[in-house]
Amino acid sequence: MAINKDSNTYTISFAIILVVLVGGLLAMIANGLKPLQDENLVNEKKQNILNCLPGNKLINRDEAGSLFADYVKQRLILDYNGDVKENTLLDNSTELNNKNSYDAFSIDLLKEYKTIKDEKIRNYPLYICEVDGKTYYVAPVMGKGLWAAVWGFIAIDESGNEISGTVFDHKSETPGLGAEISQDFFEDQFIGKLISNNEDYKPVEVNKPGNPLNEYQVDGISGGTFTSVGVEEMMSRTLIVYHNYIKNLNKS
Amino acid sequence: MSEQAVAVEEKKIIVKEREPLFSKKNKKLISDPLDENNPITIQVLGICSALAVTVQMKAAVVMSVAVLFVLILANVSISLIRNLIPNRIRIIVQLVVVAALVIIVDQVLKAYLFDVSKELSVFVGLIITNCIIMGRLEAFALGNKPWPAALDAIGNSLGYGMVLVIVSFFKELFGSGKLFGFEIFGNATEQTGLYAMGYMDNGLMLLPPSSLILVAVYIWIQKLRNPSLIETH
């Protein structure tokens, strides 16, 4: 039987069958792979948190899953004033729970950054870690680069004055330019930089490269100005909360 | 008697049509796009990604492999259903197939090769809009059997990848003094190697316009070697 391939009926039925088939196939694949993808994302977050601690740069994604509880002793959520939110202080014996909104690990910073315009009512998750008997406070930061989100994890030492390590990442910054923020040479510059003169908070500046630097400044990426500005902005906006928290903690 | 003759005749024709897998014609499907019919330098397709993803060699290689993969699958699947596709919506059908393939690739990478998927993040969308893919589906896969379509896909994506890699070689080398991320000219921030002698990276090489210049030089050399490619009108 010859089918008229130019008829409307054939065209429409072909379109419907194709779309249903392709749609079903995609839905099946997406559903089937979801658990694996989620696990990768969770492990990547764990890896980032561990990587910004001193001497931990080489922990890879698979190891991070099991090592996380060894380093991260406590996790909690702060409000904008640097006070601990009720019921959010969990220690490492509590399993990570991405669904529990009291768990610092579950906070989706990107979502909050996009939907909550007022930074004063956003959540500020904090991870209190221990390496070789020393305490470090790991603060996540989230901002925007040239094309899309940039984010990072900043380890602050126990005094609350000094940065001990950073990890930065980005969604889609330009390779070779803005994307360089996730390279070691950029991240390592922050080690030893100050965010406080022991009293007041003073944000780190990301400068145009080539100028002399003081202890509050690092070199930006040449050709990646927007991304560098984004890094500076997100750090300066967010770290004040953690600075206040650590200072208050040390006073009491 | 005459029926038998017709049958024999038919058989002969079928035998005649059968050709070896790598016949001269099929080999040409692979070699042509590398030089005489290069998708970027001669057909000027896929220029957009040639400009965007050539700052680093690594990204260029990853992008080429991704295009190779998607183009083969797309060419073969379109070729398989070429006799079913209604003519009026053929472009939409091609688009659906390419988009579906790209999403599948993306999902699988996210689950099994997470690092590669992060590397690719920006480019996945670019693959869907890569004119080479739609161009090959429309110009070749719709009218040919799966095997030649697969060869055509390999040839074209290799031709595409070759230009990407060559362009990115010069851009990464002169733009940031590195190849595949390894420092070739020394370290720019610590002023070692060539940089100690006052050498500086060329910032233009990191920006898209330099790709246009490099592709133009490539076309120039290519046409110099093969004058038959020069358009006379």
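Reading the values: rules and limits
Residues numbered from 1 in each chain as written. Chains lettered and ligands numbered in written order. Predicted model: local features only at pLDDT ≥ 70, side-chain atom pairs only at ≥ 80, totals over all residues. Helix = DSSP H or I, 4+ residues; strand = E, 2+ residues; numbered from the N terminus. Buried ≥ 20, exposed ≤ 12 C-beta atoms within 10 Å, placed from the backbone. Contact = placed C-beta atoms within 7 Å. Pairing = 2+ DSSP bridges. Nonpolar A, V, L, I, M, F, W, Y, C, P; charged D, E, K, R; others polar. Axes fitted to C-alpha atoms, helices over the stretch in contact; angles between N-to-C directions. Parallel < 35°, antiparallel > 145°, perpendicular 65-115°, else oblique. Left-handed = near helix turned anticlockwise from the far one by under 90°. Expected span 1.5 Å × (residues − 1). pLDDT = per-residue confidence, 0-100.

**Here's the deal with the overall build of chain A**
- Counting its regular elements, chain A contains 5 helices and 8 strands.
- Order of helices (α) and strands (β) in chain A, N terminus to C terminus: α-α-β-β-α-β-β-β-β-α-β-β-α.
- A burial count over chain A gives 35% of its 252 residues as buried.
- A separation of at least 24 residues holds for 50% of the contacts in chain A among residues at least 6 apart in sequence.

**Structural notes on the sheet that holds strand β6 (residues 163–170) of chain A**
All names here are of chain A.
- Read from one edge of the open sheet, 6 strands run β2-β1-β3-β4-β5-β6, paired in antiparallel fashion. Either end of the sheet is taken by a strand with one partner, and the two such strands are β2 (90–91) and β6.
- Pairing of strand β3 (residues 124–131) with strand β4 (residues 134–144) involves 5 bridges; the strand directions are antiparallel. For Tyr-127, the partnering residue across the bridge sits in β4 and is Val-138.

**Things to note about the interface of chain B and chain A**
- Contacts between the two partners involve 25 residues from chain B and, on the opposite side, 27 residues from chain A.
- The element best represented in the side of chain B that touches chain A is helix α5 (residues 90–112) of chain B, accounting for 9 residues.
- Of the residues in the side of chain B that touches chain A, the class split is 15 nonpolar, 8 polar and 2 charged.

**Brief notes about the packing of helix α4 (residues 57–80) of chain B against helix α8 (residues 146–176) of chain B**
All names here are of chain B.
- In contact at an axis separation of 8 Å, α4 and α8 are set at 165° when each is read in the N-to-C sense. Regarding the angle of α4 to α8, the classification is roughly antiparallel. The hand of the α4/α8 crossing is right-handed.
- Split into classes, the residues belonging to the contact of α4 with α8 amount to 19 nonpolar, 7 polar and 2 charged.

**Comments concerning α5(B)**
- Taking 1.5 Å as the rise per residue, α5(B) with 23 residues should run 33 Å; its terminal C-alpha atoms sit 33 Å apart, in good agreement.
- Buried residues of α5(B): Val93(B), Gln94(B), Val97(B), Val98(B), Ala100(B), Leu101(B), Val102(B), Gln107(B), Leu109(B), Lys110(B) and Ala111(B), and no others.

**Comments concerning the pairing of β3(A)**
All names here are of chain A.
- As judged from the 6 bridges shared by strand β1 (residues 72–78) and β3, these two strands associate in the antiparallel manner. Its bridge partner lying in β3, Leu-78 is registered against Tyr-124.
- Joining the antiparallel neighbours β3 and β4 is a turn of 2 residues, in which Asp-132 adopts a positive phi near 50°.

**Considerations on unusual backbone geometry**
All names here are of chain A.
- Within the chain, Asn-87 stands out as a residue other than glycine whose phi angle is a positive 65°.
- Take Asn-87: it is sitting in the loop between β1 and β2.
- Here Asn-87 falls in the exposed class, since 10 other C-beta atoms lie within 10 Å of it.
- Not every positive phi belongs to a glycine, and Asp-132 is a case in point at roughly 50°.

**Concerning the confidence of the model for chain B**
All names here are of chain B.
- Chain-level statistics for chain B give a pLDDT mean of 82 and a share of 89% at 70 or above.
- Considering each helix and strand of chain B separately, the mean pLDDT is smallest for helix α1 (residues 2–17), with a value of 55, and largest for α8, with 90.
- For this predicted complex, the interface confidence reaches an ipTM of 0.72, while the overall pTM sits at 0.73.

**Side note on the pairing of β4(A)**
Residues and elements named next belong to chain A.
- Most of β4 is tucked away: 9 of the 11 residues are buried.
- Pairing of β4 with strand β5 (residues 149–156) involves 8 bridges; the strand directions are antiparallel. By the bridge assignment, Lys-144 is partnered in β5 with Ala-149.
- Joining the antiparallel neighbours β4 and β5 is a turn of 4 residues.

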